[in-house]
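# A structural walkthrough
Chain by chain, the residues:
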Amino acid sequence: MRPEHQAPFRQQDLFGGQGEVRIWDLFGTTHLPPFEAVLACELDPGGSVGAHRQATADELLLVIEGEATAGVDGERRHIQAGSLVALPLGSLMTLENRDAENSLRYVIIKA
């Protein structure tokens with residue numbers, strides 16, 4: 001899922017969350033409107049991404065591996081490998097990795 005030749009961009013306590021998120025840009029220099037970005041992400045065991053608003057684009061989050069709780073506009077739901085979360089422009093999102101031992105792996109597609 002992540003490019004072996006590319007070092008990840010690392011974010012600590014993203015949006016007031018907890019733990020590290022590693023991010024790989026799968027799009028690179030490719031430009032293919034309406035897509036803005038395709039990102040492979042890993043969230044530390046027990047980590048979280050704090051509340052943040054989708055400010056520039058609609059977003060899809062596809063869980064590749066692990067279990068989490070996603071909050072979208074205050075509604076929380078359990079997600080796992082294969083789950084797809086739709087995040088319309090302007091929506092407010094949180095993400096919590098429910099596994100204390102394994103990273104949550106997911107892909108974000110922005111369009």
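The text that follows walks through the structure, step by step, so that each part is easy to find. (Residues numbered from 1 in each chain as written. Predicted model: local features only at pLDDT ≥ 70, side-chain atom pairs only at ≥ 80, totals over all residues. Heavy atoms only, no water.)

A few words now on the side chain of Glu59. Checked against the element boundaries, Glu59 lands in strand 5 (residues 59–65). When neighbours within four sequence positions are excluded, Glu59 is seen to be in contact with Gln54, Val85, Ala86, Leu87, Ile108, Ile109 and Lys110. (Helix = DSSP H or I, 4+ residues; strand = E, 2+ residues; numbered from the N terminus. Contact = heavy atoms within 4.5 Å.)

With that settled, the discussion passes to the sheet that holds strand 6 (residues 67–72). As a general point, the strands of a sheet are linked pairwise by backbone hydrogen bonds and lie either parallel or antiparallel. The four strands lie next to each other as 4-9-6-7, forming an open sheet whose pairing is antiparallel. Single-partner strands in this sheet number two, and they are strand 4 (48–53) and strand 7 (75–80). This sheet shows a mean twist of 15 degrees between the axes of neighbouring strands, independent of strand direction. As paired elements, strand 6 and strand 9 (residues 92–97) share five bridges and run antiparallel to each other. Residue pairing in the sheet places Ala70 in a bridge with Leu95 of strand 9. (Pairing = 2+ DSSP bridges. Axes fitted to C-alpha atoms, helices over the stretch in contact; angles between N-to-C directions.)

Considering the arrangement of structural elements, one finds Ser103 in the loop between strand 9 and strand 10 (104–110). Polar side-chain contacts of Ser103 include one of 3.3 Å to the side chain of Arg22. (Polar contact = N/O pair within 3.5 Å; in protein donor to acceptor, adjacent residues only side chain to side chain.)

You can see Asp73 is positioned in the loop between strand 6 and strand 7. Of the residues examined, Asp73 reaches a relative accessible area of 52% and is grouped as exposed. In this structure, the C-alpha to C-alpha distance between Asp73 and Leu87, residues 14 residues apart in sequence, is 9.2 Å. In contact with Asp73, other than residues within four places in its own chain, are Ser91 and Leu92. (Buried < 20%, exposed > 50% of the residue type's maximum accessible area, 1.4 Å probe, protein only.)

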